[in-house]
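The lines below spell out each chain.
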Amino acid sequence: MSFTPLSGALRALARNIPRFDPRAANVQIGRSLIALAQLLTLGLTNWTNLTATILGVSPHAHCEPPRQFSTFCLGQQVPTAAGQWVGIAILLLVMSGVFPRYISILHIWVSISMNISLSLPDGGEAVAAFATIFIAIITAADARICAWVPPSRTLARPGLQAIGYAAALALNIQLAGLYLESGLSKIAVPEWLDGSAMYFILRDPYFGPSGSVGDIMRTVSDTAPGTAILTWGTIILECVIGVLLLSSWHWKKYALALIVTLHLGIAICLGLWSFALVMMGTGTVAAYRLRSRPHATLSANAQPRSTPAPVT
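Residues numbered from 1 in each chain as written. Predicted model: local features only at pLDDT ≥ 70, side-chain atom pairs only at ≥ 80, totals over all residues. Heavy atoms only, no water.

*Asks:* Go over the overall build of the protein chain with me, naming the residues and quoting the values.
*Replies:* When its secondary structure is counted, the protein chain shows 13 helices and 0 strands. Start at the N end of the protein chain and walk to the C end: the helices and strands fall as α-α-α-α-α-α-α-α-α-α-α-α-α. Burial status across the protein chain gives 42% buried among its 312 residues. Within the protein chain, contacts between residues separated by at least 24 positions form 72% of all contacts whose residues are at least 6 apart in sequence. Roughly 16,200 Å² of accessible area belongs to the protein chain as shown, and the carbon and sulfur atoms make up 69% of that amount. (Helix = DSSP H or I, 4+ residues; strand = E, 2+ residues; numbered from the N terminus. Buried < 20%, exposed > 50% of the residue type's maximum accessible area, 1.4 Å probe, protein only. Contact = heavy atoms within 4.5 Å. Areas by Shrake-Rupley, 256 points an atom, 1.4 Å probe, with all protein chains shown as cover.)

Encoded structure:
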């Protein structure tokens, strides 16, 4: 049995490690978009609505062990509004870019807390929970005081660089699987398969679009071709995004462009702005780029060369 293809793929991945920069701008932009989405949820939603009793599940259930370590519980038996302000403060620090190596860990705390301690978490909270874990691993190599400041050309800890690349690759695969699963699973639903699903979604009294946007979308979906394009186009778009994310890094930028297009459309039509920002932020980090040549790395005792070393 030959393992040549597998070993070749592993060698190719190893060659990419020096070309990956965990301090790249897309990491800070992505984590800031996720934090902005969470900030909109915490800052613009009434605390009573965030912790309402839903389907007989009272707020007390959100602080039962081991959930009492949630940002919103802080050791209490029920979620407290003080945790809401703690979360807002942490999210503002994430967006400011200060000490990314350490603040990213606090970002995980807030993300997981929002997923387990709020009454109505949506898909955005679930995605943010796993995305911030991978982002924290990526930023472990980022020792800058502020992530918005351009990094130096040297990376003194290539071991953390390799771990960061593995985390970016894992996030990339996770997000690709999410889009492929979302697209392919729709085929099993009769309304999506026959091309009529968007007709009913756009007319939902609670989640459907309103105002002029609603009028335009309902007019488009009044015709069979319009409804079919919106319905099947969504399935195709999600599957294409998944495939592009799993392709060479040169193609990932096109996946990001489609992610932004898809979720802007969903946000405009259905008002899911927080969810859209989380997906766009996660896609920004997952659609990583590699440099054309490796970074130079210097150990603590090494002296820089008077002339640059050749790139092989």
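*Asks:* Give a description of helix α6 (residues 123-138) that names residues and reports values.
*Replies:* Compared with an ideal rise of 1.5 Å per residue, which puts 16 residues at 22 Å, α6 spans 23 Å between its outermost C-alpha atoms and is within 8% of the ideal. Extensive coverage of α6 is indicated by the burial of 12 of its 16 residues. Residues of α6 that are buried: Gly124, Glu125, Val127, Ala128, Ala129, Phe130, Ala131, Thr132, Phe134, Ile135, Ala136 and Ile138. Packed against the buried residues of α6 are α2 (25-44), α5 (100-117), α7 (158-186) and α13 (273-286). (Expected span 1.5 Å × (residues − 1).)

*Asks:* Please provide a residue-by-residue account of the nonpolar core, values included.
*Replies:* In this structure, Phe20, Ile138, Leu171, Leu175, Tyr179, Leu245 and Tyr288 are the most contacted members of the largest nonpolar core, which totals 35 residues. Put simply, the parts of the chain that give this core at least two residues each are α2, α6, α7, α11 (224-245), α12 (249-270) and α13. Setting aside anything within four residues of it in sequence, one finds Leu175 in contact with Leu245, Ile259, Met279, Thr282, Gly283 and Ala286. (Core = buried A, V, L, I, M, F, W, Y, C linked by side-chain atoms within 4.5 Å.)

*Asks:* So what's going on with the environment of Thr231? Which residues, and what values?
*Replies:* Secondary-structure assignment places Thr231 in helix α11. The buried category is assigned to Thr231, whose relative accessible area is 0%. Sequence separation of Thr231 and Leu193 is 38 residues, and the distance between their C-alpha atoms is 8.5 Å. Among the polar contacts made by the side chain of Thr231, one reaches the main-chain carbonyl oxygen of Gly195 at a distance of 3.2 Å. In terms of polar contacts, Thr231 uses its side chain to reach the backbone amide nitrogen of Met198, at 3.1 Å. (Polar contact = N/O pair within 3.5 Å; in protein donor to acceptor, adjacent residues only side chain to side chain.)

*Asks:* Outline helix α4 (residues 81-96), supporting the account with residue identities and numerical values.
*Replies:* Over its 16 residues, α4 extends 23 Å from the first C-alpha to the last, a length consistent with the 22 Å expected when each residue adds 1.5 Å. What α4 keeps buried is the set Gly83, Gln84, Gly87, Ile88, Ile90, Leu91 and Val94. All buried residues of α4 fall inside an arc of 170° around its axis, so they share one side. For α4, the secondary structure elements touched by its buried residues are α2, α3 (47-50) and α5. Backbone geometry just downstream of α4 places Gly97 in the positive-phi region, at approximately 85°. (Arc of directions from axis to C-beta.)

*Asks:* So what's going on with a nonpolar patch on the surface? Residues and values would help.
*Replies:* A contiguous nonpolar surface patch, about 290 Å² in accessible area, is contributed by Ile112, Ile133, Ile137 and Ile163. By secondary structure assignment, the location of Ile163 is in helix α7. Assessed through its relative accessible area of 44%, Ile163 is described here as partly exposed. (Patch = residues over 30% accessible without salt bridge, like charges linked within 9 Å, V, L, I, M, F, W, Y side chains within 5 Å. Salt bridge = Lys/Arg side-chain N within 4 Å of Asp/Glu carboxyl O.)

*Asks:* Lay out the packing of α4 against α5 with the relevant residues and their values.
*Replies:* Where α4 meets α5, the axes come as close as 9 Å, and the angle between the chain directions of the two elements is 140°. Here α4 is positioned oblique relative to α5, judged by the angle of their axes. By crossing handedness, the relation of α4 to α5 is classed as left-handed. Every residue of α5 that contacts α4 at Val86, Gly87, Ile90, Leu91, Leu93 and Val94 is listed here: Ile103, Leu106, His107, Trp109 and Val110. Of the residues in the contact of α4 with α5, the class split is 9 nonpolar, 2 polar and no charged. (Axes fitted to C-alpha atoms, helices over the stretch in contact; angles between N-to-C directions. Parallel < 35°, antiparallel > 145°, perpendicular 65-115°, else oblique. Left-handed = near helix turned anticlockwise from the far one by under 90°. Nonpolar A, V, L, I, M, F, W, Y, C, P; charged D, E, K, R; others polar.)

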